[in-house]
Amino acid sequence: MLNGFLPHTVHRDGVALHTRIGGEGPPLLLLHGHPQSMAMWHRVAPNLARHFTLVLMDLRGYGDSARPAADAGHLAHSKREMALDAIAAMAHHGFERFDVLAHDRGARVAHRLAADHPEAVKRLLLLDIAPTLAMYEQTGEAFARAYWHWFFLIQPPPLPEALISADPARYVRSVMGSRHAGLAPFDPAALAEYERCAALPGTAEAVCEDYRASATIDLDHDRADVAARRRLPQPLRVLWGEHGTVARCFDVLALWRERAAKVSGHALPCGHYIAEEAPERLIAEALSFFQSPSEEQP
């Protein structure tokens, strides 16, 4: 679905990362969410490529990137490791400093990327998340019911892996179809791509490890930032779906203002999958934010 963007394979510490690049202008990294791949950007990337050099990356464990083996501490799937993947991918394409647009799991990677590598990230636009630590600490019944997969995927192996592997397409459709608009917003070709990637060997294990890392080692990293009173120095814009679970369960701006120094944002008239439910609105927001003449915007 992104044939206008040239494919590349970037190797980092034995992990092959699938990327695509295209467009012209300042560099902008796009990171996808769960249970998707870079195909989720198919409605916004062609337009954004008129203004930016886009680098799209499949996170490790997703899409056509490699699936590293699990380890006892879930280190291989920590957001810190995934952030290093992003640094390597951008360096491969010739960029040391860049903007970031990211959704869902990719937005959690972007948060860690901006925290660990402030010299690399100019600005970041995050879609439909609150900080991971806050979401776990403030979990209530409504959130647990809606985000059931957060708690299913972190269960000890091999049960969740076995259940996902038994019918990967059903898992994808169950997660994505249980949101605000059901499966209606998704292009059939995009949905088929998500299902294809979910069925690749090792995906179930990698997905579980991603979430197990978020509930363990990633929280350790976040708590260390909070204890040290480290806040993101970059301008941060956060957008969320007004019909989504994040909007119902969390004060998104207040939580991000605890973790970043320069925060702005608001809800959009859609659900969780902003890039596919409200692509024109997202394009306008991205152009407004990333084309600002100053990196020091409030």
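This text gives an overview of the structure that appears in the document. (Residues numbered from 1 in each chain as written. Predicted model: local features only at pLDDT ≥ 70, side-chain atom pairs only at ≥ 80, totals over all residues. Heavy atoms only, no water.)

### Let's talk about the pattern of salt bridges
- Throughout the structure, instances matching the rule amount to 24 salt bridges.
- The salt bridge partner of Arg12 is Asp85, with a shortest N-O separation of 2.8 Å. Highlighted residues: Arg12 in strand β1 (residues 6-12) and Asp85 in helix α2 (residues 79-92), separated in sequence by 73 residues. In terms of burial, Arg12 and Asp85 fall into one category: buried.
- Residues joined by salt bridges that share partners form a network here, namely Arg80, Arg112, Asp116, Asp222, Asp225, Arg230 and Arg259. (Salt bridge = Lys/Arg side-chain N within 4 Å of Asp/Glu carboxyl O. Helix = DSSP H or I, 4+ residues; strand = E, 2+ residues; numbered from the N terminus. Buried < 20%, exposed > 50% of the residue type's maximum accessible area, 1.4 Å probe, protein only.)

### Details of the side chain of Arg60
- When you line up the elements, Arg60 lands in the loop between β4 (53-57) and α2.
- Of note is the side chain of Arg60, whose polar atom sits 2.6 Å from the backbone oxygen of Ala76.
- A polar contact is formed between the side chain of Arg60 and the side chain of Asp85, at a distance of 2.6 Å.
- Setting aside anything within four residues of it in sequence, one finds Arg60 in contact with Arg12, Val15, Leu17, Ser65, Ala66, Pro68, Ala76, Glu81, Met82 and Asp85. (Polar contact = N/O pair within 3.5 Å; in protein donor to acceptor, adjacent residues only side chain to side chain. Contact = heavy atoms within 4.5 Å.)

### Some points on the packing of aromatic side chains
- This model, assessed by the stated rule, comprises 12 aromatic pairs.
- Arranged with centres 6.2 Å apart and planes meeting at 90 degrees, the rings of Tyr136 and Phe151 form a pair that is edge-to-face. Here Tyr136 is found in helix α4 (residues 132-137), whereas its partner Phe151 is found in helix α6 (residues 148-152), with 15 residues between them in sequence.
- Classification of Tyr136 by relative accessible area gives buried; the value is 17%.
- Judged by centre distance (6.1 Å) and plane angle (50 degrees), the rings of Trp148 and Phe152 are tilted. (Phe/Tyr/Trp six-rings, centres within 6.5 Å; stacked < 30°, edge-to-face > 60°.)

### A short note on helix α9 (residues 188-198)
- Looking only at α9, the buried set comprises Ala190, Leu191, Tyr194, Glu195, Cys197 and Ala198. Projected down its long axis, α9 shows its buried positions confined to an angular sector of 165 degrees, all on one face.
- Against the buried residues of α9 lie α8 (168-177), α10 (203-214) and α14 (274-277).
- For α9, the N-terminal capping position is held by Asp187, with its side-chain oxygen 2.7 Å away from the main-chain nitrogen of Ala189. (Arc of directions from axis to C-beta.)

### Notes on the layout of surface pockets
- Of the pockets and cavities examined, the largest pocket occupies roughly 160 Å³.
- Looking at the lining of the largest pocket, the elements with two or more residues in it are β2 (15-23) and α9.
- Residue composition of the lining of the largest pocket, by class: 5 nonpolar, 4 polar and 4 charged. (1 Å grid on protein atoms, 1.4 Å probe; cavity = no way out; pocket = protein on both sides within 12 Å on 5 of 7 lines; lining within 4 Å. Points joined across faces, edges and corners; volume = space filled by probe spheres on them. Nonpolar A, V, L, I, M, F, W, Y, C, P; charged D, E, K, R; others polar.)

### Details of empty space enclosed by the protein
- The full count for this structure, using the stated rule, is 2 cavities of 30 Å³ or more.
- Considering only enclosed or pocket space, the largest cavity measures out at about 100 Å³ in volume.
- Contributing to the lining of the largest cavity are 15 residues, with Pro35, Tyr62, Ala198, Thr203 and Val207 lying nearest its centre.
- Within the lining of the largest cavity, the residues separate by chemical class into 9 nonpolar, 5 polar and 1 charged.
- What the second largest cavity holds in volume is close to 90 Å³.

### Concerning the side chain of Thr53
- Within the secondary structure, Thr53 is located in strand β4.
- Residue classification places Thr53 among the buried residues on the basis of a relative accessible area of 11%.
- Setting aside anything within four residues of it in sequence, one finds Thr53 in contact with Ile21, Gly22, Gly23, Glu24, Gly25, Pro26, Pro27, Leu28 and Phe95.

### So, the sheet that holds strand β8 (residues 260-268)
- Sheet architecture is open: 8 strands sit in the order β1-β2-β4-β3-β5-β6-β7-β8, paired in mixed fashion. Two strands lie at the open edges of the sheet, namely β1 and β8, each paired on one side alone. Neighbouring strand axes in the sheet, compared pairwise and without regard to direction, differ in orientation by 20 degrees on average.
- As paired strands, β1 and β2 are joined by 7 bridges and run antiparallel to one another. By the bridge assignment, Arg12 is partnered in β2 with Val15.
- On the sheet, α2 packs against β1, β2, β3 (27-31), β4 and β5 (98-103) and is oriented at approximately 125 degrees with respect to β1.
- Contacts from helix α15 (residues 279-290) reach β3, β5, β6 (121-127), β7 (232-241) and β8 within the one sheet, and its direction differs from that of β6 by about 155 degrees. (Pairing = 2+ DSSP bridges. Axes fitted to C-alpha atoms, helices over the stretch in contact; angles between N-to-C directions.)

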